[in-house]
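# A closer look at the structure
Okay, here's what each chain looks like letter by letter:
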Amino acid sequence: MTAKGIKEAVLRDPTDFGDVDYPTALVNVTNVCNLSCAHCFVFRDDNPNSARDKMDDATMMRQFEILRDKHNIKSMLFMGGEPMIRKDLVMQAAKLFEIPAIVTNATYGIPKLPGGLVTVSLDGPEHMNDPIRGDGVFQKVKAAVEARDPDDQTTLMLQMVLTAQNHHGLEEFLEEVKDWPINGVAFTFYVPRAEDDTGLAWDDLKDRDPVIDRVIAAKKKYPGLVKANIGSLELMYSERCLECTGENGENCLMLGTLPLYMGDGGNFERTFCCYGNDVDCSRCGAYAVFNSAYHKRIKGEDGYHHRSRHYAKQWP
Ligand SMILES: C[S@@+](CC[C@H](N)C(=O)[O-])C[C@H]1O[C@@H](n2cnc3c(N)ncnc32)[C@H](O)[C@@H]1O
Ligand code: SF4
Ligand code: SF4
């Protein structure tokens, strides 16, 4: 056996996820995070998320190649935990995929990903973001955005997750960030857990409708800055949203994405959907769900290629 062969033989094979194609996938490269955001789905009880479970760089690189080739993965979204805690690995692994994307809290700076997408999470203006993401986080992220090289060929987006508690800040947030060196701002809505009692979800989805109206108004006011499709947002209204989600995800196109969570003993495990195992599909606010449905139903565009491109451009 060659040295390369011996090395490969000692690296673990990936979990068997069947023979299905998954043009889009996401991976939690680490379960470690330096923040503890109020709304975060990753650390819900039913998810594989122990900080003890780790996969070394060489094993993960090899498993990515095997899974990419087996499932025809084109688009890979690197997340966590905080993916930039394993920056060197992520930057190497990004080269393995046609459409790489990273979603980060940006407290370790902003990675350059020429030709790819980096999404930076901020959940409103400073006075709303910091109670959710931690004291001082807004200013730290702002400094990192201002320090970036806008000519580095990386598409840089901000993303705000709208909840029943922070939605009041969406217009103020846009006013604050509109002149930052970014390519756009995405809004997505909170994905609750089953029997969510955090106060972040809208108990009655009719109460979410006026917030959708405000995102549409924001899109009309700042068409270049707000990266949202009005047709997709309209599918989120309470009288229509179940058509795209189903009570239990039965209508959800996002189930065609492979979520790779870091599980027992540092082996990949898949969860029910990108948002983990404990989700309330009937109140799901993931913009990507509705945008995929829009492109499939309204414009007649279907197929994995479209979805994978979309997915890389918009974190669910
Ligand atoms: C789980 S984080 C992982 C990457 C990185 N730590 C970050 O915060 O960007 C990925 C994205 O999911 C969003 N998110 C977390 N919990 C959510 C929820 N319950 N519903 C919708 N989005 C959520 C975060 O705000 C962030 O934009
Ligand atoms: S920074 Fe990201 S992974 Fe960490 S707690 Fe916040 S949303 Fe979750
Ligand atoms: S993304 Fe799909 S499967 Fe996941 S919570 Fe939303 S509707 Fe359910």
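Keep in mind it's a predicted model, so treat the numbers as computed, not measured. Every chain's residues receive numbers from 1 upward, in the order its sequence appears when written. Chain labels run from A onward and ligand labels from 1 onward, assigned in the order the entries are written. The predicted nature of this model means local features are confined to residues of pLDDT at least 70 and side-chain atom pairs, given and counted, to a pLDDT of 80 or more, with totals for whole chains, interfaces and linings taken over all residues.

Secondary structure elements follow DSSP: runs of H or I of four or more residues count as helices, runs of E of two or more count as strands, with numbering from the N terminus. When its secondary structure is counted, the chain shows 11 helices and eight strands. As a reference, a globule follows 2.2 Å times the number of residues to the power 0.38, and the radius of gyration itself is taken over C-alpha atoms. Taken against the 2.2 N^0.38 rule, which gives 20 Å for 316 residues, the C-alpha radius of gyration of the chain at 19 Å falls within 12% of a compact globule. Here the chain holds 316 residues, and 45% of them are scored as buried. Long-range contacts, defined here as pairs at least 24 residues apart, represent 74% of the contacts in the chain between residues at least 6 apart. Exposed residues have 12 or fewer other C-beta atoms within 10 Å of their own C-beta, buried residues have 20 or more, and partly exposed residues fall in between, where C-beta atoms are placed from the backbone. In this description, a residue-residue contact is defined by the distance between C-beta atoms placed from the backbone, which must lie within 7 Å.

Strand pairing is assigned whenever DSSP identifies at least 2 bridges connecting the two strands. Read across the sheet, eight strands follow the order 6-5-4-3-2-1-7-8 without closing on themselves; strand pairing throughout is mixed. Two strands in the sheet have a free side with no partner beyond their single neighbour: strand 6 (184-189) and strand 8 (268-270). The average angle at which neighbouring strand axes cross in this sheet is 25°, direction not considered. Strand direction decides the pairing type here: strand 4 (residues 117-121) and strand 5 (residues 155-162), joined by five bridges, are parallel. Residue pairing across strands places Val120 opposite Leu158, the latter belonging to strand 5. Interaxial angles span 0 to 180 degrees and are taken between N-to-C directions of axes, which are lines fitted to C-alpha atoms, for helices over the stretch in contact.

Moving on, we get to the site of ligand 2. By definition, a residue lies near a molecule or strand provided its backbone-derived C-beta atom is within 6 Å of it. Every residue close to ligand 2 is listed here: Cys33, Leu35, Ser36, Cys37, Cys40, Val42, Gly80, Gly81, Glu82 and Asn105. Classification convention: Asp, Glu, Lys, Arg as charged; Ala, Val, Leu, Ile, Met, Phe, Trp, Tyr, Cys, Pro as nonpolar; all other residues, Gly among them, as polar. Taken together, the residues that form the shell around ligand 2 break down as five nonpolar, four polar and one charged.

Lining the immediate environment of ligand 3, one finds 14 residues, of which Gly249, Cys252, Cys273, Cys281 and Cys284 sit closest. Residue composition of the shell around ligand 3, by class: 12 nonpolar, two polar and no charged.

Below, the discussion takes up the pairing of strand 1 (residues 24-28). Residues in a regular strand project their side chains so that they alternate between the two faces of the sheet. Of all the five residues making up strand 1, five are buried; the element is thus mostly covered by neighbouring parts of the structure. Here strand 1 shows two buried faces, one formed by Thr24, Leu26 and Asn28 and the other by Ala25 and Val27. The handedness of a crossover follows from its direction of travel: if, with the strands pointing away from the viewer, the path from the first strand over the helix to the second runs clockwise, the crossover is right-handed. Note that the unit made of strand 1, helix 2 (residues 57-71) and strand 2 (residues 75-79) has a crossover that is right-handed.

Let us look at the packing of helix 6 (residues 170-177) against helix 7 (residues 209-221). As a packed pair, helix 6 and helix 7 sit with axes 10 Å apart at the nearest point and diverge in direction by 25°. Between helix 6 and helix 7, the crossing angle belongs to the class labelled roughly parallel. Judged by the twist between their axes, the crossing of helix 6 over helix 7 is right-handed. From helix 6, Leu170, Glu171 and Leu174 reach across to helix 7, where they touch Arg214, Val215 and Ala218. An angle below 35 degrees is treated as roughly parallel, one above 145 as roughly antiparallel, one from 65 to 115 as roughly perpendicular, and anything else as oblique. Take the far helix as the reference: if the near one is turned anticlockwise from it by less than a right angle, the crossing is left-handed, and if turned clockwise, right-handed.

Confidence of the predictor at the level of single residues is given by pLDDT, which spans 0 to 100. Predicted confidence across the chain gives a mean pLDDT of 93, with 91% of residues reaching 70 or more. Here residues 310-316 scores under 50 on pLDDT; set against residues more than four positions off or in separate chains, the count is 27 contacts.

The subject of this paragraph is helix 7. Here the expected span of a helix is defined as 1.5 Å times the quantity of residues minus one. Taking 1.5 Å as the rise per residue, helix 7 with 13 residues should run 18 Å; its terminal C-alpha atoms sit 18 Å apart, in good agreement. Considered for burial, the residues of helix 7 that qualify are Val211, Ile212 and Val215. Angularly, the buried residues of helix 7 cover 105° about the axis, an arc narrow enough to put them on a single face. Across helix 7 from its buried face, at more than 90 degrees, point the exposed residues Pro210, Lys220 and Lys221. Think of the arc as the fan of directions from the helix axis to the C-beta atoms.

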